[in-house]
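Structure at a glance
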Amino acid sequence: MAFGAVPGRAAESARKHGGSMKEHARYFWAYIPALGALGHGAAAALADRPVPGFVLALWGVCFLFVAFVIVRSILQERSKDEFTTRQLLQAQKMATIGEMASGIAHEVNNPLAVIGRETEWIQEILKEHPPPDVQARREVRESLEVIAAQVGRCAEITHRLLDFARKSEPVLQWVDINALIEEMVRLVERVTRGKNLTIERRYQENLAPVWTDPPLLRQVVLNLLNNAVQAIEKEGSITVMTRDDAMGWVDIAIADTGCGIAPHHLPHLFDPFFSTKGPERGTGLGLAVCQKIVTALGGLILVDSKEGCGSQFTVRLPRRPIASRKTFE
Amino acid sequence: MASSTARILLVDDEDRFRTTMGKLLRKRGFEVEEAGSAHEALVRVQQGDVDVIVLDVKMPGMDGIQALAKIKALDPLPEVIILTGHANVDAAVEIMRLGGYEYLLKPCPIDDLVVKIDGALEKKRAREKILRG
């Protein structure tokens, strides 16, 4: 499977890169012959003797090596800076979009409420004074039901926008991740009963508990499961996996055998309002909210997808985040 | 369905929304009065005999949160349901702290509002019973 837009991978890679001092310290052994050669050459120069050829060669090799280490460090620092700048820009973008979204949602809610009330009032009048013509009565009733349903749909969008813009502090506690996921899987199984869809569990036994916020994590898992269900057109399977590693990370992976994601869509997956689903099925806020939550919980989301074959979303959480006690905004 | 004696005060500066909501609630057996601003609502609360107040937040002059504090100072008995298009966690916390009964986000179906009004009425009557001993 091909890796695509994976903000998490960049984060991981940046974490692996140390500072330039660390880089030099890693190659301290290379400086021992360099210092030796320098000393030998300096002694020869002071004694007015010609500097031996092997010392000159050693100087050359050491010079090239030091140059290599310096260039490598500069490139790594630059890549780290680029990553930080990208993260900062993304955070600023999300904050601006969040503010705009909440402003729009507030302003739209009031006229929506008026439309909703008027519809309910007309429905009320029609109950008492129905049009005499049967066909007209049926059509008016149907039209009003459509208006009410569309008001409900708009309300769902504005309420989601407000959710997206909402600030809330994660409330952390030790959580049994397998149990939390199983709750959500059962919920999805109930909803998808009767479809040609199977959900396979591959939970790691004795998985380490995670210090996290259960309602926020439930929201993420449910969202990813719903996306997996929607990605499967006719029949297929979803595999839910959990595992932990010695480095203190716990992975929750949700893989589907659905339609997969086109490579050109991958860089935009976590952008608010980006959706590959039709307007009937998505607002384009689900993954943006997931990423916001997972980031606030100190983790990251990895994506692995191949068009036509399926996708895998992996939520990687630290068992105990150090700096995650920040506002989810 | 609420008892016919339940008196509801609707406070919203959006005239059409308020009047239509009033008509719908009257159809469901409530006695409904309307106020187009927080000031009007305070005058009405001072006169007494209001069971439940449905209060908007964003209104010119005085907002719903300020109005809630003043209503509770004038008469702590009526239950207040906030019905607003402006959701905000801080405001919701403040509303609950000031003694608001419920916080609803517009648009919400009239039946959902009626369920909350019934709950508020029940709470108000239980409190009255306790106060009377």
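Going by the structure above, here's the rest.
These notes cover the structure that comes with them. What you are looking at is a predicted structure, and each value in this text was computed from that prediction instead of being measured. Within each chain, residues carry numbers counting from 1 in the order of the written sequence. Chain A is the first chain written and ligand 1 is the first ligand written, with later ones labelled in order. Restriction of local features to residues with pLDDT of at least 70 applies here, the model being predicted, together with a cutoff of 80 or more for giving and counting side-chain atom pairs; totals for whole chains, interfaces and linings are based on all residues. Think of the side-chain values as coming from all heavy atoms in the structure, minus any hydrogens and water.

Quick word on the sheet that holds strand β1 (residues 7-11) of chain B
Residue and element names in this part refer to chain B. Two strands make a pair as long as DSSP finds a minimum of two bridges between them. For the purposes of this entry, the term helix denotes a DSSP run of H or I that reaches at least four residues, the term strand denotes a run of E that reaches at least two, and both are numbered from the N terminus. Pairing is parallel across the open sheet formed by 5 strands, whose spatial order is β2-β1-β3-β4-β5. Every other strand in the sheet has two partners, leaving β2 (31-35) and β5 (102-105) as the edge strands with one partner each. The sheet shows a mean angle of 20 degrees between the axes of neighbouring strands, direction not considered. Pairing between strand β3 (residues 52-55) and strand β4 (residues 79-84): 4 bridges, direction parallel. Each bridged residue has a counterpart across the sheet, and for V52 the counterpart in β4 is E79. Its contacts with the sheet put helix α3 (residues 64-74) on β3 and β4, and the angle it makes with β3 is roughly 165 degrees. Note on definitions: angles span 0 to 180 degrees between N-to-C directions of axes, and those axes are lines fitted to C-alpha atoms, for helices only across the stretch in contact. In what follows, a contact means two residues having at least one pair of non-hydrogen atoms within 4.5 Å.

So, the side chain of H106 of chain A
Among the structural elements, H106 of chain A can be located in helix α4 (residues 53-128). If we ignore the near neighbours within four places in the chain, the residues touching H106 of chain A are L162 of chain A together with G85, H86 and A87 of chain B.

A closer look at the interface of chain B and chain A
If you look at the interface, chain B gives 22 residues, while chain A gives 19 residues. The term buried area refers to how much accessible surface (probe radius 1.4 Å) is lost by two components on association, counted for both of them together. Between chain B and chain A, a total of about 1,900 Å² is buried, with carbon and sulfur atoms accounting for 60% of that surface. By definition, a salt bridge exists where a carboxyl oxygen of Asp or Glu is found within 4 Å of a side-chain nitrogen of Lys or Arg. On inspection of chain B and its partner chain A, the count reaches 4 salt bridges. As a salt-bridge pair, R16 of chain B and E118 of chain A come within 2.8 Å of each other at their nearest N and O atoms. Polar contacts, as counted here, are pairs of nitrogen or oxygen atoms within 3.5 Å of one another; within protein the pair requires one atom able to donate a hydrogen and one able to accept it, and residues that are adjacent in sequence qualify only if both atoms are side-chain atoms. On inspection of chain B and its partner chain A, the count reaches 10 residue pairs in polar contact (both at pLDDT 80 or more). For the side of chain B that touches chain A, the elements supplying multiple residues, two or more each, are α1 (15-27) and α5 (110-132) of chain B.

Thoughts on the packing of aromatic side chains
Side-chain rings of Phe, Tyr and Trp (the six-membered ring for Trp) are treated as a pair once their centres are within 6.5 Å; stacked means planes under 30 degrees apart, edge-to-face means over 60, and tilted covers the remaining angles. According to the stated counting rule, one finds 2 aromatic pairs over all chains in the structure shown. Ring geometry for F65 of chain A against F68 of chain A: centres 6.2 Å apart, planes inclined by 45 degrees, an arrangement best described as tilted. Remark: F68 of chain A and F65 of chain A occur in helix α4; sequence separation between them is 3 residues, near one turn of the helix. Of the residues examined, F68 of chain A reaches a relative accessible area of 43% and is grouped as partly exposed. Looking at R320 of chain A, its charged tip hangs above the ring of W211 of chain A, at a distance of 4.5 Å from the centre. A cation over a ring is seen here: K106 of chain B above F17 of chain B, with NZ or CZ 4.6 Å from the ring centre. Remark: exposure states derive from per-residue accessible area (1.4 Å probe, protein chains only) relative to the maximum for the residue type, with buried under 20%, exposed over 50%, and partly exposed in between. Sitting over a ring, as applied to charges here, requires NZ of Lys or CZ of Arg to be within 6 Å of the ring centre and within 35 degrees of the ring normal.

Section: helix α6 (residues 177-191) of chain A
Residues and elements named next belong to chain A. What a helix is expected to span follows from its residue count: subtract one and scale by 1.5 Å. Helix length check: α6 (15 residues) gives 22 Å between terminal C-alpha atoms against 21 Å at 1.5 Å per residue, within 8%. Buried residues of α6: I177, N178, L180, I181, E182, M184, V185 and V188, and no others. On its buried side, α6 packs onto β1 (173-175), β2 (196-202), β3 (210-212), α7 (214-231), β4 (235-244) and β5 (249-256). At the N-terminal boundary of α6, the capping side chain belongs to D176, with an oxygen 3.2 Å from the backbone nitrogen of N178.

Some details on the pairing of β5 of chain B
Examined bridge by bridge, β4 of chain B and β5 of chain B share 4 bridges and lie parallel to one another. Bridge assignment links L83 of chain B to a residue of β5 of chain B, and that residue is L104 of chain B.

Some remarks on the sheet that holds β5 of chain A
Residue and element names in this part refer to chain A. Strand order in the open sheet formed by 5 strands is β2-β4-β5-β7-β6, and the pairing between neighbours is mixed. This sheet does not close on itself; its edge strands, each paired only once, are β2 and β6 (300-306). Strand-to-strand twist of the sheet, defined as the mean angle between neighbouring strand axes without regard to direction, takes the value 15 degrees. The pairing of β2 with β4 spans 7 bridges and is parallel. Bridge pairing in β4 links R201 to V240. Sheet strands in contact with α6 are β2, β4 and β5, and its direction is about 170 degrees off that of β2. Running over the sheet, α7 touches β2, β4, β5 and β7 (310-318) and is turned about 25 degrees from β5.

What to know about the pattern of salt bridges
Taken as a whole and judged by the stated rule, the model has 29 salt bridges over all chains. The partner of R316 of chain A in a salt bridge is D251 of chain A, with the nearest N and O atoms 2.8 Å apart. One end of the pair, R316 of chain A, is in strand β7; the other, D251 of chain A, is in strand β5, and 65 residues separate them in sequence. Each member of the pair, R316 of chain A together with D251 of chain A, is buried. A salt bridge links R7 of chain B to E33 of chain B, with the shortest nitrogen-to-oxygen separation between them at 3.2 Å. Here R7 of chain B is found in strand β1, whereas its partner E33 of chain B is found in strand β2, with 26 residues between them in sequence. Look at the salt bridges and you will find they share partners, linking R7, E31, E33, R44 and D49 of chain B into a network.

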